[in-house]
Protein chains: 2
Amino acid sequence: MMVLYSYWRSTTSYRVRVALNLKGLVYETRAVDLVAGAQRSENYAALNPGQGVPTLVLEDGSVLTQSMAILDYLDALVPTPALLPADPLDRAHALAAAHTIAMDIHPVINLKIVGRLKGEHGASQDDGVAWMKHWMTEGFRAYQALLTLETSKFSFGETPLLCDICLVAQLYNAYRWGVDMSQFGRLLEIEKEAMKLDAFQQARPDAQPDAG
Amino acid sequence: MMVLYSYWRSTTSYRVRVALNLKGLVYETRAVDLVAGAQRSENYAALNPGQGVPTLVLEDGSVLTQSMAILDYLDALVPTPALLPADPLDRAHALAAAHTIAMDIHPVINLKIVGRLKGEHGASQDDGVAWMKHWMTEGFRAYQALLTLETSKFSFGETPLLCDICLVAQLYNAYRWGVDMSQFGRLLEIEKEAMKLDAFQQARPDAQPDAG
């Protein structure tokens with residue numbers, strides 16, 4: 001069975017959990033407690049030199065890191081339901097939207113970044129929260145501007161793609177830190193559709209074995 | 001002809017320039033002066049809601065944003081030379097290495113992030129440089145640890161992949177800010193091989209029409 005090293009609140013772990021569920025793949029969760037620093041332990045760092053979650057270990061022992069690379073792999077392993085459109089231009093648009101979250105929001109506000117902002121640069125807890133809210137707001141604004149369909153269930157059609165997975169996971173984090181979502185109604189509608197699906201429901205942070 | 005909105009020092013623009021060159025695609029460069037804030041002009045923001053570079057406008061007028069989504073598109077448009085291996089597991093490893101730079105380094109140290117660190121959080125110029133050097137060092141360490149081949153020309157074989165492109169572009173930035181590269185000999189060897197290729201030479205920041 002595949003083993004997913006995951007932290008319940010990690011939005012990148014959340015992405016991989018949704019993808020595994022959508023693809024109907026069974027996996028075992030092993031919790032990595034990021035707050036306790038378990039990602040920096042010698043054993044885990046040997047598995048994942050980036051010292052982050054998630055890490056997916058395949059049945060043959062192959063180790064995959066980086067959530068977006070893992071999603072790309074899973075999409076090749078189990079092509080249906082597809083996480084990206086077949087048309088190259090549609091694919092580029094969905095991927096760009098996904099990266100608006102995966103590149104422009106998440107890396108900038110994750111635990112180690114905000115930790116260093118506070119630890120090395122003297123930011124207060126309030127400063128750290130303001131930092132996270134700022135980049136989420138900017139990123140959500142860009143994401144919403146990339147959407148051209150007004151009435152589709154998901155960002156680019158009737159099924160959830162890579163970008164919808166990134167969006168839903170990031171929205172969890174946005175609520176956690178109190179981002180004002182009043183200008184992002186379209187994004188909330190997409191989230192509502194996603195949450196009708198078991199693949200998303202079962203991947204929710206609160207539904208994980210290590211949820212605190 | 002394709003039009004690339006680019007800034008000479010932007011490492012994400014650099015990535016796309018290399019890929020266009022490797023694929024033998026002819027393009028026109030339009031400079032976006034990030035330091036002057038041209039990316040926030042109304043016209044440009046309408047083209048690229050993320051208000052960043054690069055943006056690639058195709059001959060039919062289609063607008064592509066996000067460098068890694070653009071590289072993915074170009075790889076589908078012109079499959080040879082391939083930017084990712086065909087084997088799914090090899091592909092996942094090369095993509096993870098690319099993301100170690102594209103997700104864990106670049107987004108955290110780009111101009112707008114360091115600008116906000118200074119403008120809103122009172123960091124000095126020295127603090128900003130220390131921030132950039134820290135995340136580059138961490139990311140390069142992780143990248144180098146992901147490499148399993150000791151003697152290949154490039155990160156995962158004899159031809160440059162997506163990850164090599166990200167690496168070479170990031171190294172330009174590392175030199176600019178004075179990262180100590182003494183522990184990253186393998187990465188410098190890869191860069192040396194890349195710089196033997198016209199596709200990389202012609203994409204260098206200093207070779208761009210808007211180079212200052």
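Rules used throughout
- Residues numbered from 1 in each chain as written.
- Chains lettered and ligands numbered in written order.
- Predicted model: local features only at pLDDT ≥ 70, side-chain atom pairs only at ≥ 80, totals over all residues.
- Heavy atoms only, no water.
- Salt bridge = Lys/Arg side-chain N within 4 Å of Asp/Glu carboxyl O.
- Helix = DSSP H or I, 4+ residues; strand = E, 2+ residues; numbered from the N terminus.
- Buried < 20%, exposed > 50% of the residue type's maximum accessible area, 1.4 Å probe, protein only.
- Pairing = 2+ DSSP bridges.
- Axes fitted to C-alpha atoms, helices over the stretch in contact; angles between N-to-C directions.
- Phe/Tyr/Trp six-rings, centres within 6.5 Å; stacked < 30°, edge-to-face > 60°.
- Contact = heavy atoms within 4.5 Å.
- Buried area = accessible area lost by both parts, 1.4 Å probe.
- Polar contact = N/O pair within 3.5 Å; in protein donor to acceptor, adjacent residues only side chain to side chain.
- Nonpolar A, V, L, I, M, F, W, Y, C, P; charged D, E, K, R; others polar.
- Least-squares fit on C-alpha atoms with pLDDT ≥ 70 in both.

Draft legend 1. Inspection of the pattern of salt bridges at higher detail. Taken as a whole and assessed by the stated rule, the structure comprises 13 salt bridges over all chains. Of the charged contacts in the structure, one is a salt bridge between Glu138 of chain A and Arg141 of chain A, with a shortest N-O distance of 3.9 Å. Within this pair, Glu138 of chain A and its partner Arg141 of chain A are both found in helix H7 (residues 125–146), separated by three residues, close to a single helical turn. Here Arg141 of chain A falls in the partly exposed class, since its relative accessible area comes to 28%. Ionic pairing is found between Arg116 of chain B and Glu120 of chain B, a salt bridge with its closest N-O pair at 4.0 Å. The class of Glu120 of chain B is exposed, set by a relative accessible area of 53%.

Draft legend 2. Spatial organisation of unusual backbone geometry. The linkage connecting Thr80 of chain A with the following residue, Pro81 of chain A, adopts the cis geometry, with an omega of -5°. Summarising the element assignment, Pro81 of chain A is placed in the loop between helix H3 (67–77) and helix H4 (88–102). Note that the residue after Val53 of chain B, namely Pro54 of chain B, is joined by a cis bond; omega there is -5°. Locating Pro54 of chain B in the fold gives a position in the loop between helix H2 (42–47) and strand E3 (55–57). Of note in this structure, Gln66 of chain A is not a glycine but carries a positive phi near 70°. As for its position among the elements, Gln66 of chain A is in the loop between strand E4 (63–65) and H3. Since its relative accessible area comes to 15%, Gln66 of chain A is described here as buried. Non-glycine residue Gln51 of chain B carries a positive phi angle of around 50°. Its location among the elements puts Gln51 of chain B in the loop between H2 and E3.

Draft legend 3. Molecular detail of the sheet that holds strand E1 (residues 2–6) of chain A. All names here are of chain A. Spatially, the four strands line up as an open sheet ordered E2-E1-E3-E4, and their pairing is mixed. Of all strands in the sheet, those bounded by a partner on one side alone are strand E2 (27–31) and E4. For this sheet, the mean inter-axis angle between neighbouring strands, taken without regard to orientation, is 20°. Strand direction decides the pairing type here: E1 and strand E3 (residues 55–57), joined by three bridges, are antiparallel.

Draft legend 4. Summary view of the packing of aromatic side chains. All names here are of chain B. Tallied over the entire structure, the rule returns 11 aromatic pairs over all chains. When the centroid spacing of 6.4 Å and the interplanar angle of 80° are considered together, the rings of Tyr14 and Tyr172 count as edge-to-face. Of this pair, Tyr14 sits in helix H1 (residues 11–22) while Tyr172 sits in helix H8 (residues 162–177); the two residues are 158 residues apart in sequence, bridging distant segments of the chain. Among the residues examined, Tyr172 registers a relative accessible area of 17% and is labelled buried.

Draft legend 5. Structural detail: the interface of chain A and chain B. Across the boundary between the two partners, chain A contributes 41 residues, which contact 41 residues of chain B. Between chain A and chain B lies a buried interface of about 3,800 Å² when both sides are counted; carbon and sulfur atoms form 67% of it. Among the ionic pairs, Arg91 of chain A bridges to Asp72 of chain B, the shortest N-O distance being 2.6 Å. Counting every contact that joins chain A to chain B gives 10 residue pairs in polar contact (both at pLDDT 80 or more). Split into classes, the residues belonging to the side of chain A that touches chain B amount to 23 nonpolar, 10 polar and eight charged.

Draft legend 6. Layout of the relation of the copies chain A and chain B. For these two chains of identical sequence, chain A goes onto chain B by a turn of 180° and a shift of 0.0 Å along the axis, with RMSD 0.0 Å. Look at the turn and shift together and you get a two-fold axis relating the two. Here 100% of the interface residues in chain A have copies in chain B that are interface residues too; the copies meet face to matching face.

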